[in-house]
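# A look at the structure
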Amino acid sequence: MRRRGTAVLAAAVLALAAGCDATGAESGGTLRILASSELADLRPVLAAARKDIGVTVKLDYTGTIDGVQQVVDGTAERAHDAIWFSSNRYLALQPGARAALGPSVKTMASPVVLGLRASVAHGLGWDRTRPTWAAIAAAAGAKRFTYGMTNPVSSNSGFSALVGVTAALADTGAALDTAAVDRVAPKLRGFFAAQRLTSGSSGWLSDTYAADPGRVDGLVNYESVLLTLNASGKLPEPLTLVYPSDGVVTADYPLTLLSSAPRNASDTFRRLTAYLLRPAVQRKIMDATHRRPVVPGVRPSAGFGPEPPELPFPARRQAADALIDAYFNRLRRPSRTVYVLDVSGSMEGSRLASLKSALTALTGADTSLSGRFQRFHDREEVTLLPFSDKPGPPATYVVPERNPGAELARIRNYAGGLRARGGTAIYDSLERAFAVVGEQAAREPDRLTSIVLMSDGESNAGADAGDFRAWYGTRPAALRGVPVFPILFGESATGEMNDLATLTRGRTFDARTQSLSSVFREIRGYQ
Amino acid sequence: MRRTFSIVLAGALIVGVVIAIVQGRGSSGGTVTVRGVIGSEKQAFFDDPAVRRVLARHGLKVEVDPAGSREIATSVDLGKYDFAFPSSSPAADKIRQRRQAGRYTPFSSPMVVATFQPIAELLEKAGVVKRSPVWTFDVARYLDLVARNVRWDGLRGNTAYPVRKNILVSTTDPRSSNSAAMYLAIASYVANGDAVVRNPAEERKVLPALSRLFLDQGYTDNSSEGPFADYLALGMGKTPLVCAYEAQFVDAAVRGRLKPGMVLMYPSPTVLSKHTLIPLDGRGDRVGRLLSTDAELQRLAARHGFRTADPAQFAAVARERRVPVAPDLIDVVDTPSYDTLEHLLTGVAKAYG
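Note that the structure is predicted; figures quoted are calculated from it, not measured.

Let us look at the overall build of chain B. When helices and strands are counted, chain B shows 15 helices and 10 strands. Taking 2.2 N^0.38 as the reference for a compact globule, 353 residues should give roughly 20 Å; the C-alpha atoms of chain B span a radius of gyration of 23 Å, in line with that estimate. Based on the C-alpha atoms only, the size of chain B along its principal axes is roughly 80 × 50 × 40 Å.

Set out below in structure tokens:
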């Protein structure tokens, strides 16, 4: 009995000591980090950090421009101590951003390169000699290969590729300025003509390619993502990594303390970053994620190509923004975007109101940074197809390159006039949407096409899921290449919506845990 | 027996915890906690357990917050601190305009350009670099290359680094970082016809050439750790030439982080980054005095790559680690005054738009 008493006393003392430690910040501590979504692959490393140094890391994920927006408007600091994006370069160009950022430590590196199916790379001779970006752009313009790339405002890999190819084509030897963007626009249009697949995240792009490698000849993505794909054993033919000889833009994953963070967070930050730079941890990161180590003692694995030269990233915000604007409004293949929108009786009230405001935000009404780049772009063809008991008449708008404001206002007016009544004929309406896409594509085939389906409940009129699947199976291959992005909202039939996303190689988005507006913005990355 | 042992263990734990708690409270145990705001290059020095032990022997526990030297000079609330320890004498001068105080200059470090053997040899052929007795980097010839937009692949006989990029030294962001300001001080001296820039007319004359040195690089990192870490880890592809403190290079050598073929070059001319401690009260003064006079602390500073009052300490570290440092710095010029440097930095910042 007495012995147990002593043991309990000793345990209590130890607990007390541990408690002191936590407040003295010698161990323990939690760091709340706003992070790029691709950092989800570090979970095992962070779990080990918790075990080894007692630091708990809570990651919340965000896209590129949304993350920048949150730092700049101050929402990031409300719930986070630090940010961990693939790169801070675009963020640092924003007014006020530098003041919001504290100490920063680069944790790993991965250049953005082109991965092409081995046979295609061989046919182009790029497995033997490294092409310049100009040669790559010329081959793309001549349709000698096709590729997928992420959306530059949603994902850093797409943005890095856009900056890299433009800087290389401008060939000034120095950082890009606004005039250079205009000068190389024709060549860039050639490069982007071969882009057949877009995505809001590097991970989804990689998964989609793995699921159907016949869809494009390759991907522009992080070296780490391409090496991971090759190592997965899922590809019938490996990707050859093509490192452009004139250079790349590299993600360097700076873990950055926010200057608003409390003092104990800055101690935790220092211990976590010191831990991440330990040679053993760097090796573990390299083995798990195929990203390059950033400490000298760790020998890079054989899978990495030789160190490519780094292309300069713009020093001026105007140059970066002009490039993004040019990409969406002039350079990329324009999109064809169809919204199938549930306006049945259950949408009455706040649901319809949030649908209207989500649509309105995309017509240029949202003047934030993300709003500016996520609006309906010049040249984009937008079709709104409201439905209840049956599909309503589709309303199609093409945003002109000059003075887009008037057409955007028409979309806004239309959205404002939506009324809720009646039942829910999801599958009839979806079939109608595919028919509309078919007619539009017959007139003008060269558009990146996708369908958004927003419904707050189960289908209770017209065709059911089985009928749709049978009908879909008889469609021509071109139509079956159009992804559907169902939004889970209200009392959505989650299973059916997931099946639909799988069938059409789209993905679902959840508007039950976040606002419909943020989901609509997130989907912009996939359109 | 076992029972006795556990009682003793528990007793020892209690005593230990009590001691820890008392020590944690700071001054009550005879230890004084001193708070300083420092240029981030000295963070590793103050974090060094050996440094903390020596300070503790003198009854001091020093807690530091890193900040940019310009911020320390202008925007940091000095009321929270016992001393300020920026990395340059212009910043220190500025603080002394705000606060009447003494100054200590316990250590210094010249600006250097770090590179790789093939690059050094290329630039030697181009007449920009000489190698006797240490590698020197001719800033006037370099500025001439920049003015003519010479690219790496435009250098004759270049097979070692045939890259389309302009020849440019990588730096930090001049708007936030002291090392970039020191680099600007060097370039301004040369661009001004080998004379320290002293008046607005001279500022206007040199600004266009200086702005290009930064803007043509594109995005630059905020802190001096950034580009030098790239140099160490990612190598020649990303960072063929990087402006750094000599201390960073020597420190990397001491920690075994240099790879074969990494080359240290001294710009001609160069400037000294004088790490200047401004005591803001008596506690801060004790730290300043100790850092300047305590042989053990000076020795530890030398191990972090800094030059101290006793040149033998730095020389010993360099010899032991086989870093080919310049034992005597000859071609060192003065930095412009705080206000002139500030005007130049503001001028460059404007060019960023």
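Still more to cover.
Residues and elements named next belong to chain B. What the domain assignment reports for chain B is domain 1 (2–107 + 274–320) and domain 2 (110–272 + 327–351). Measuring from the centre of the C-alpha atoms in domain 1 to the corresponding centre in domain 2 gives 30 Å. The partner domain 2 presents 27 residues to the 22 residues of domain 1 that form the contact. Carbon and sulfur atoms make up 53% of the surface buried where domain 1 meets domain 2, a total of about 1,900 Å² over both sides. Its largest share of buried area at the contact with domain 2, domain 1 owes to Arg70, Pro90 and Arg307, together 36% of the area lost on that side. Across the domain 1-domain 2 interface, the total number found is two salt bridges. With a closest N to O distance of 2.7 Å, Arg70 and Glu342 form a salt bridge. Summed over the shared surface of domain 1 and domain 2, the result is seven residue pairs in polar contact (both at pLDDT 80 or more). Those elements that provide at least two residues to the side of domain 1 that touches domain 2 are helix 4 (69–74), helix 5 (89–98) and helix 14 (311–320). Residue composition of the side of domain 1 that touches domain 2, grouped by class: seven nonpolar, nine polar and six charged.

Right, let's talk about the sheet that holds strand 11 (residues 254–258) of chain A for a bit. All names here are of chain A. The sheet built from five strands is open, its strands ordered 2-1-3-11-4 with mixed pairing. Each edge of the sheet is formed by a strand with only one pairing partner; in this case those strands are strand 2 (56–62) and strand 4 (101–106). The average angle at which neighbouring strand axes cross in this sheet is 25°, direction not considered. One ladder, built from three bridges, connects strand 1 (residues 30–36) with strand 3 (residues 82–84); its direction is parallel. Pairing of Leu34 across the sheet is with Ile83, part of strand 3.

Our focus in this paragraph is the domain arrangement of chain A. Residues and elements named next belong to chain A. Each assigned domain of chain A is listed with its residue range as follows: domain 1 (2–106 + 254–289), domain 2 (110–251) and domain 3 (334–524). On the domain 3 side, the residues contacting the six residues of domain 1 number six residues. Contact between domain 1 and domain 3 buries roughly 480 Å² in total, counting both sides, with carbon and sulfur atoms accounting for 56%. Counting the surface domain 1 buries against domain 3, the share from its top three residues, Ile65, Asp66 and Gln69, is 76%. Where domain 1 packs against domain 3, one counts one salt bridge. Note that Arg521 and Asp66 form a salt bridge whose closest N and O atoms lie 2.9 Å from each other. On the surface where domain 1 and domain 3 come into contact, there are three residue pairs in polar contact (both at pLDDT 80 or more). Per-element accounting of the side of domain 1 that touches domain 3 gives the leading share, four residues, to helix 3 (residues 64–72).

For the rest of this paragraph, the subject is unusual backbone geometry. Looking along the chain, the bond that leaves Ser132 of chain B and enters Pro133 of chain B is cis, with omega of -15°. Examined against the element boundaries, Pro133 of chain B turns out to sit in the loop between strand 5 (129–130) and strand 6 (135–138). Cis geometry marks the peptide bond from Ser268 of chain B to Pro269 of chain B; its omega dihedral reads 0°. Tracing the backbone shows Pro269 of chain B in the loop between strand 8 (262–268) and strand 9 (272–279). Phi at His290 of chain A is positive, roughly 65°, even though this residue is not glycine. Mapped onto the elements, His290 of chain A comes out in the loop between helix 15 (279–289) and helix 16 (317–331). Under the relative-accessibility criterion, His290 of chain A is labelled partly exposed at 22%. The residue Asn149 of chain B is not glycine, and still its phi comes out positive at about 55°.

What counts, and at which threshold
- Residues numbered from 1 in each chain as written.
- Chains lettered and ligands numbered in written order.
- Predicted model: local features only at pLDDT ≥ 70, side-chain atom pairs only at ≥ 80, totals over all residues.
- Heavy atoms only, no water.
- Helix = DSSP H or I, 4+ residues; strand = E, 2+ residues; numbered from the N terminus.
- Rg over C-alpha atoms; globule rule 2.2 N^0.38 Å.
- Domains from an automatic or database assignment.
- Contact = heavy atoms within 4.5 Å.
- Buried area = accessible area lost by both parts, 1.4 Å probe.
- Salt bridge = Lys/Arg side-chain N within 4 Å of Asp/Glu carboxyl O.
- Polar contact = N/O pair within 3.5 Å; in protein donor to acceptor, adjacent residues only side chain to side chain.
- Nonpolar A, V, L, I, M, F, W, Y, C, P; charged D, E, K, R; others polar.
- Pairing = 2+ DSSP bridges.
- Axes fitted to C-alpha atoms, helices over the stretch in contact; angles between N-to-C directions.
- Buried < 20%, exposed > 50% of the residue type's maximum accessible area, 1.4 Å probe, protein only.

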